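What follows is each chain in one-letter form.
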Amino acid sequence: MRLPRRRLAVYCVAFLFAIVMNFAVPRLMPGSPVDSMIAQLGPRATPAAIEAIKARFGAIEQPMWQQFVDYIVGLAHFDLGVSVKYYPQTVLEVLGRSAGWTAFLVVTAIVFSLSIGVSLGALAAWRRGGRFDSFVSPFSVVMIAVPPVIIALATLFVFGVTLRLLPVGYAYDPSLDPGFNFTYFGSVFLHAIMPVLTLSPYLIGEFQTTMRSSMISVLGEDYVTMGRAKGLSETAVMFGYAARNAMLPVLTNLALMLGAVFGGSIVTEIVFNYPGLGLTLYTASVARDYPVIQGQLLLMTLATLGANLLVDILYGVVDPRIREGRA
């Protein structure tokens, strides 16, 4: 599937802008990572230890232009540097350990929410004005408005502290050894329930609202009338004719919501002490770990741009008219 050159140029410009912002934002924060490391040593901060730290991480206190040149050269060689907080681990090692958990949460929440939100939106549009629509549509607006941190704290208090039905932290039971077995996967599933439930309400509300509006606009089209005239069941007409053609705005909204999803995952992972990119970013920010902050922001930007690119490609799959226009 080919994309217009203008669209590809937009992605390239956005990526270049992200590179500059990823470099600048951590350095606008007060404090110095070298001073932070020295402070963490406490009584062990001997003159020899201080000199060793400055010799190893002195590059992040060089003139700004020199830091930027080193940053660009490192990116060209796929070298994001060494973590200040987790030294001697590299940034790629730190992010590689966390990225899988965040991807697991985000993908699970999106698939779960997309299935529910699209179904609710289609039913609400099909029965617009009825009791189901009168309840679901306003409730979706409420779900969109509630901040993730409120949902996270409420979920943690109800299911984790009060009822004690679900574990309150970590990605799996720390007493288990990770392995390909049902015990480990069951623990991962249980520990992911509350984080996924925290991310899902906003997504469900957005998908439901977008799907309902889009589907109402297509219910009067000729192909929907033809499906009914063929004597097809309501389910076949609703999902096979109307819902499929109403999915384009939902895909657009999904791409636009990814930034909010990543933002919600940061809060969620901090509340539940979930070892994903959100918790890593928080820890790196406290430690002024410039390399990790830069690497993570760049990774999240690439994920968002990649998802938007994938949506552009999916447009042609869902709507043949767009595919023909790009040919």
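Described in the following lines is the structure provided in the data block. In this text the structure is predicted, and so the values were computed from the model without any measurement.

**Here's the deal with empty space enclosed by the protein**
Logical step 1: Enumeration over the complete set of coordinates arrives at 1 cavity of 30 Å³ or more.
Logical step 2: Taken as a whole, the largest cavity holds about 30 Å³ of empty space.
Logical step 3: Along its surface, the largest cavity is lined by Pro167, Val168, Gly169, Tyr170, His191, Pro195, Phe272 and Tyr274.
Logical step 4: Grouping the amino acids of the lining of the largest cavity by side-chain chemistry returns 6 nonpolar, 2 polar and no charged.

**Section: the packing of helix α8 (residues 182-218) against helix α10 (residues 234-245)**
Logical step 1: α10 packs onto α8 with a crossing angle of 110 degrees between their chain directions and a minimal axis gap of 8 Å. Taken as axis vectors, α8 and α10 run roughly perpendicular relative to one another. On the side of α8, the interface is formed by Met211, Met215 and Val218, while α10 contributes Met238, Ala242, Ala243 and Asn245.
Logical step 2: When the residues that make up the contact of α8 with α10 are grouped by side-chain class, the tally is 6 nonpolar, 1 polar and no charged.

**Focus on the environment of Pro138**
Logical step 1: Tracing the backbone through its elements, the reader meets Pro138 in helix α6 (residues 131-145).
Logical step 2: The sequence separation of Pro138 and Thr209 amounts to 71 residues, and the corresponding C-alpha distance is 9.3 Å.

**Re the packing of aromatic side chains**
Logical step 1: Within this structure, the stated rule accounts for 6 aromatic pairs.
Logical step 2: With 6.0 Å between their ring centres and 35 degrees between their planes, Trp101 and Tyr172 make a pair best called tilted. Here Trp101 is found in helix α5 (residues 91-126), whereas its partner Tyr172 is found in the loop between α7 (148-162) and α8, with 71 residues between them in sequence.
Logical step 3: Tyr172 sits in the partly exposed class, given a relative accessible area of 22%.
Logical step 4: Note on Phe180 and Phe185: the rings are 5.3 Å apart at their centroids and 90 degrees apart in plane angle, and the pair reads as edge-to-face.

**Digging into α8**
An α-helix turns once every 3.6 residues. As a result, residues three or four positions apart point the same way.
Logical step 1: With 37 residues, α8 extends just 45 Å between its outermost C-alpha atoms, more than 12% less than the 54 Å of an ideal straight helix rising 1.5 Å per residue.
Logical step 2: In the structure, α8 departs most strongly from a straight axis at Ile193, where the bend amounts to approximately 35 degrees and where the proline Pro195 lies between one and four residues downstream.
Logical step 3: At the N-terminal end of α8, a side-chain oxygen is found 3.3 Å from the backbone nitrogen of Thr183, two or three residues along, and the residue is Asn181.

**Observations concerning the nonpolar core**
Logical step 1: With 36 residues, the main nonpolar core has Leu203, Met211 and Met215 as its most contacted residues.
Logical step 2: Of all the elements in the fold, those that place two or more residues in this core are α5, α8, α10 and α11 (247-271).
Logical step 3: With 10 residues, the single largest contributor to this core is α8.
Logical step 4: Sequence-distant contacts of Met215, that is, excluding residues within four places in its chain, are made with Ala122, Ala125, Trp126, Met238, Ala242, Ala243 and Ala246.
Logical step 5: Counting 8 residues, the second largest nonpolar core, distinct from the first, contains Val91, Leu95, Leu277 and Ala284.

**Topic: a nonpolar patch on the surface**
Logical step 1: Together, Phe157, Val158, Phe159, Val161, Leu163, Leu165 and Val168 make up a nonpolar patch on the protein surface, roughly 630 Å² of accessible area in all.
Logical step 2: By the secondary structure assignment, Phe159 is in helix α7.
Logical step 3: The class of Phe159 is partly exposed, set by a relative accessible area of 32%.

What counts, and at which threshold
- Residues numbered from 1 in each chain as written.
- Predicted model: local features only at pLDDT ≥ 70, side-chain atom pairs only at ≥ 80, totals over all residues.
- Heavy atoms only, no water.
- 1 Å grid on protein atoms, 1.4 Å probe; cavity = no way out; pocket = protein on both sides within 12 Å on 5 of 7 lines; lining within 4 Å.
- Points joined across faces, edges and corners; volume = space filled by probe spheres on them.
- Nonpolar A, V, L, I, M, F, W, Y, C, P; charged D, E, K, R; others polar.
- Axes fitted to C-alpha atoms, helices over the stretch in contact; angles between N-to-C directions.
- Helix = DSSP H or I, 4+ residues; strand = E, 2+ residues; numbered from the N terminus.
- Parallel < 35°, antiparallel > 145°, perpendicular 65-115°, else oblique.
- Contact = heavy atoms within 4.5 Å.
- Phe/Tyr/Trp six-rings, centres within 6.5 Å; stacked < 30°, edge-to-face > 60°.
- Buried < 20%, exposed > 50% of the residue type's maximum accessible area, 1.4 Å probe, protein only.
- Expected span 1.5 Å × (residues − 1).
- Bend = angle between axes of the 7 residues up to and from the residue.
- Polar contact = N/O pair within 3.5 Å; in protein donor to acceptor, adjacent residues only side chain to side chain.
- Core = buried A, V, L, I, M, F, W, Y, C linked by side-chain atoms within 4.5 Å.
- Patch = residues over 30% accessible without salt bridge, like charges linked within 9 Å, V, L, I, M, F, W, Y side chains within 5 Å.
- Areas by Shrake-Rupley, 256 points an atom, 1.4 Å probe, with all protein chains shown as cover.
- Salt bridge = Lys/Arg side-chain N within 4 Å of Asp/Glu carboxyl O.

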